[in-house]
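Each chain is listed here by its residues.
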Amino acid sequence: RAQVIATEINPQRSSSKHNDDDNTTEPHITCTWRLSGKANILWGMDLKPVLVQTDFFIHEPTGLIRKQVDTFSVPHWDVFLSAMFPALTAWGITAPPADPVPE
């Protein structure tokens, strides 16, 4: 399940964190959302909710999206271990699930 938390349109970007060319800025759209659900492997493991930030970088001359970059609130291994061994979250070894999205 995907639940949108916020969407932001940024005319320019001052950081070059995800940019191929460090000397430029480019417009982008940022969407922050909460992802949860089940994986269709083994017994249908529950995946703990995580926050995801998706940046869509726009190619100005054409107005088309040229790149999408997803940044997760926890590492992928944390989600996998939490699905395989749910007790790890209760014991504080893996990160807690993301908070629910207000309705």
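Conventions adopted
- Residues numbered from 1 in each chain as written.
- Predicted model: local features only at pLDDT ≥ 70, side-chain atom pairs only at ≥ 80, totals over all residues.
- Heavy atoms only, no water.
- Pairing = 2+ DSSP bridges.
- Helix = DSSP H or I, 4+ residues; strand = E, 2+ residues; numbered from the N terminus.
- Axes fitted to C-alpha atoms, helices over the stretch in contact; angles between N-to-C directions.
- Contact = heavy atoms within 4.5 Å.

**Describing the sheet that holds strand E3 (residues 46-59)**
Spatial strand order, E1-E2-E3-E4: four strands in an open sheet with antiparallel pairing. Of all the strands in the sheet, just strand E1 (2-10) and strand E4 (64-72) have a single pairing partner and so form its edges. Adjacent strand axes in the sheet meet at a mean angle of 20°, parallel and antiparallel pairs treated alike. Bridge count for E1 against strand E2 (residues 28-38) is eight bridges, and the pairing is antiparallel. Paired with Ala2 across the strands is Leu35, a residue of E2. Its contacts with the sheet put helix H1 (residues 76-84) on E3 and E4, and the angle it makes with E3 is roughly 155°.

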